[in-house]
Amino acid sequence: MATPKRGKPRRTGDPPWMAPALGAAGIMGFLLLWEMVPRVGMVDGRYLPPASEVILAAIENLGGGDFWQAVTDTMQAWAIGLGIAAVSATVLGLVIGMSPFLKRYTHSTIEFLRPIPSVALIPLAVLLFGIGMESALLLIIYACFWQVLIQVLYGVGDVDSVAMQTAQSYGFSYVQRIRDVVVPTVLPYFMTGIRLGAAVALILAITAGLVIGSPGLGSSIARAQQGGAITNMYALILATGILGVLINLAARAVEKRVLSWHTSVRGELAA
Amino acid sequence: MSIFNRVISPVLALVALPILLIGAWWIYTLNSTSFFVPEPVGLVETFISTWITGERLTADVLPSLRRLGMGLALAIVLGILLGLLIGLNRTVRALTEPVFEFFRALPPPVLIPVLMLLIGVGNTMQVAVIVSGCIWPILLNTIEGVRGIDPVQSETSRSYGISGFSRVRYQILPAAAPPIMAGVRQSLSIALILMVISEMFATSSGLGFTIVQFQRSFAIPEMWSGIAVLGIIGVTLSFIFQFVERRVLRWYHGLKEVENAA
């Protein structure tokens, strides 16, 4: 444990730039380590090129059309897959969640289908769609659909029954009840589902490229590896990780934006 | 009526939709000769002859499950230990956080070609792939859990002179358990994905390899039965996890119930 100063046990006195500065130092340290390990010869430089070479290759990639084509392909599959999954899961989730009968009778089926790993569908995707983008879409939609559906179902289950009954007594129609009572409660859950789904969708977009060869960053990585272009392979992996970070940041920003009225976000800002 | 309410109605709720779906599937296969859609009875026969009475169970399924178990266990132990060490120290936490965020955002399957180069193809590489993919949610959730501990709780245990190992055992671990379990749940599905893909990529045995083999030789019913095996493993894993979680977090769920009732 860090030695606590008397009267200030939580050390709230750290300047605000402290954490980002330490974080930057951590990244530098990691890159330095990566640079040293192959240079010193702990790992064969052919298999793990030093950080500087990989970063140079990654920057070089930024100027090439092939790289951007791969990024576009990956992101296209990501966006379409996530979109279809989100819309269908939300509609189904609302309909099932608002009917006790449907909820009861679909529970076992949902709980059985949900844990099936979407990569189990890879052979099926190959048979049906070959190496086209549709294969990637099949995997992405299957994986994201459950993430969103489960969250929407939780959300509908969380709707205040008094609010619901009040709306009913005031003669709200089905659509009005969804719009004015259910959606505000479900929205935070839905956003969590989208955030999780966005990360999962990227994993599967890349996986489909790696394993099936559908166009995108994944297949570029597989080609670089098979062709022995190891430095470029690492550069592409680096780009994939950065893409993942960007997607996470964007998802969190959207969540904050959409839920700015909600207590979970307001509380975070006030603290 | 009461028997209906207590026994028949829940059972009906459990099986009605699956029976309907399987029925629809069966009727569909009766008057269709689609190459891709096997008929249910034949699929069950193929399933039994391929996976249960055949050698595949010991030759492919068990080694895959062993790798899965080893990888997950290592990832959980390492993740929690490292998470505790890092979470308890503010400076180390700030130092490592961005690097860890990068690794968490990195889609785990891209680690397969890297580890193939560094370790070579084999059992060790597959376990390493599972560990290196699964450790991040657990590690980051442990750090987050340790950071989010109620300061009053920490100060109380300090006043009572609870420190060192017993503080970790009796205060920190239980308090951080809910986020840690959430991390483990995320890594379960990652582990399964990585187990399958690493076998599709670079082995000559294991479930993933066998299923791709079936697909390449157009053994469609066998391929479907393999997909079913993966599904069963996924469902079983999630049941085991739910059981363990309910035991580990029994106090937590109880607490939530009390809070919600109030």
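Just so we're clear, the structure is a prediction, and the values are computed from it rather than from any experiment. (Residues numbered from 1 in each chain as written. Chains lettered and ligands numbered in written order. Predicted model: local features only at pLDDT ≥ 70, side-chain atom pairs only at ≥ 80, totals over all residues. Heavy atoms only, no water.)

Before going further, it helps to spend a moment on the overall build of chain A. Per the secondary structure count, chain A includes 11 helices and zero strands. Helices and strands in chain A line up, N terminus first, as α-α-α-α-α-α-α-α-α-α-α. Taken over C-alpha atoms, the radius of gyration comes to 24 Å for chain A, far larger than the 18 Å a tight globule of 271 residues would show. The C-alpha extent of chain A, read off along each of the three principal axes, is 75 × 70 × 30 Å. In chain A, which comprises 271 residues, the proportion classed as buried is 45%. Contacts in chain A between residues at least 24 apart in sequence constitute 71% of all its contacts with a sequence separation of at least 6. If you sum the accessible surface of chain A, you get close to 13,900 Å²; carbon and sulfur atoms cover 66% of it. (Helix = DSSP H or I, 4+ residues; strand = E, 2+ residues; numbered from the N terminus. Rg over C-alpha atoms; globule rule 2.2 N^0.38 Å. Buried < 20%, exposed > 50% of the residue type's maximum accessible area, 1.4 Å probe, protein only. Contact = heavy atoms within 4.5 Å. Areas by Shrake-Rupley, 256 points an atom, 1.4 Å probe, with all protein chains shown as cover.)

With that settled, consider the environment of Glu35 of chain A. All names here are of chain A. In this fold, Glu35 is placed in helix α1 (residues 18-40). Glu35 sits 16 residues away from Ala51 along the chain, and the two C-alpha atoms are 4.8 Å apart. Here Glu35 is in contact with Pro50, Ala51 and Ser52, once residues within four sequence places are set aside. Among the polar contacts made by the side chain of Glu35, one reaches the side chain of Arg39 at a distance of 2.9 Å. (Polar contact = N/O pair within 3.5 Å; in protein donor to acceptor, adjacent residues only side chain to side chain.)

This part covers the environment of Ser225 of chain B. All names here are of chain B. Mapping Ser225 onto the fold places it in helix α10 (residues 220-248). Along the sequence, Ser225 and Phe214 sit 11 residues apart, while their C-alpha atoms lie 10.0 Å from each other. Leave out the neighbours within four places in its chain, and Ser225 touches Leu43, Phe47, Thr50 and Trp51.

Before going further, it helps to examine the packing of aromatic side chains. What characterises a pair of aromatic rings is the spacing of the ring centres plus the angle enclosed by the ring planes. Taken as a whole and assessed by the stated rule, the structure comprises 10 aromatic pairs over all chains. Both rings, one in Phe30 of chain A and one in Phe103 of chain B, keep their centres 5.5 Å apart while their planes meet at 85°; by these two values the pair is edge-to-face. Pair noted here: Phe30 of chain A is in helix α1 and Phe103 of chain B is in helix α4 (residues 90-105), and the two residues belong to different chains. A relative accessible area of 29% places Phe30 of chain A in the partly exposed class. Measuring from ring centre to ring centre gives 5.9 Å for Tyr142 of chain A and Trp146 of chain A, while their planes differ by 75°; the resulting arrangement is edge-to-face. One end of the pair, Tyr142 of chain A, and the other, Trp146 of chain A, are both in helix α6 (residues 133-157), four residues apart, so they sit about a helical turn from each other. The pair formed by Tyr142 of chain A and Trp146 of chain A is uniform in burial state, with each residue classed as buried. Three or more aromatic residues joined by ring pairs form one cluster here, namely Phe30 and Trp34 of chain A together with Phe100, Phe102, Phe103 and Trp136 of chain B. The ring of Tyr47 of chain A has Arg46 of chain A sitting right over it, with the charged end atom 5.7 Å from the ring centre. (Phe/Tyr/Trp six-rings, centres within 6.5 Å; stacked < 30°, edge-to-face > 60°. Lys NZ or Arg CZ within 6 Å of the ring centre and 35° of its normal.)

What follows deals with the interface of chain A and chain B. If you look at the interface, chain A gives 57 residues, while chain B gives 56 residues. Ranking the residues of chain A by area buried against chain B places Tyr105, Pro123 and Leu127 of chain A at the top, with a combined share of 13%. Going through the elements one at a time, α1, α4 (100-113), α5 (122-129), α8 (174-212), α9 (217-226) and α10 (230-258) of chain A are the ones with two or more residues in the side of chain A that touches chain B. At 12 residues, α10 of chain A tops the list of elements feeding residues into the side of chain A that touches chain B. When the residues that make up the side of chain A that touches chain B are grouped by side-chain class, the tally is 39 nonpolar, 11 polar and seven charged. (Buried area = accessible area lost by both parts, 1.4 Å probe. Nonpolar A, V, L, I, M, F, W, Y, C, P; charged D, E, K, R; others polar.)

Residues and elements named next belong to chain B. Here the domain parsing of chain B yields domain 1 (1-32) and domain 2 (36-261). Computed from C-alpha atoms alone, the centre-to-centre distance between domain 1 and domain 2 is 33 Å. Taken together, the contact between domain 1 and domain 2 spans four residues of the former and six residues of the latter. Taken over both partners, the interface formed by domain 1 and domain 2 buries close to 420 Å², and the fraction arising from carbon and sulfur atoms is 82%. Of all residues in domain 1, Trp25, Trp26 and Thr29 bury the most surface against domain 2, accounting for 83% of the area lost on that side. Seen at the junction of domain 1 and domain 2, the total is zero salt bridges. Taken together, the connections running from domain 1 to domain 2 amount to zero residue pairs in polar contact (both at pLDDT 80 or more). (Domains from an automatic or database assignment. Salt bridge = Lys/Arg side-chain N within 4 Å of Asp/Glu carboxyl O.)

Right, let's talk about the pattern of salt bridges for a bit. The full count for this structure, using the stated rule, is nine salt bridges over all chains. For the salt bridge of Arg114 of chain A with Glu111 of chain A, the shortest nitrogen-to-oxygen distance reads 3.1 Å. The class for Arg114 of chain A is partly exposed, based on a relative accessible area of 25%. For the salt bridge of Arg67 of chain B with Glu199 of chain B, the shortest nitrogen-to-oxygen distance reads 2.9 Å. Remark: Glu199 of chain B occurs in helix α8 (residues 164-202) and Arg67 of chain B occurs in helix α3 (residues 56-87); sequence separation between them is 132 residues.

A word on the UniProt feature "transmembrane region" (unreviewed entry) in chain B. Residues and elements named next belong to chain B. Following the UniProt record, one finds the feature "transmembrane region" (unreviewed entry) at residues 7-28, 68-89, 110-139, 188-212 and 224-244. The span residues 68-89 shows a helical share of 91% and a strand share of 0%, and its end C-alpha atoms are spaced 32 Å apart. Taken end to end, residues 224-244 is 100% helix and 0% strand, and its two terminal C-alpha atoms sit 30 Å from one another. (UniProt positions renumbered as here; feature names shortened; annotations may be inferred.)

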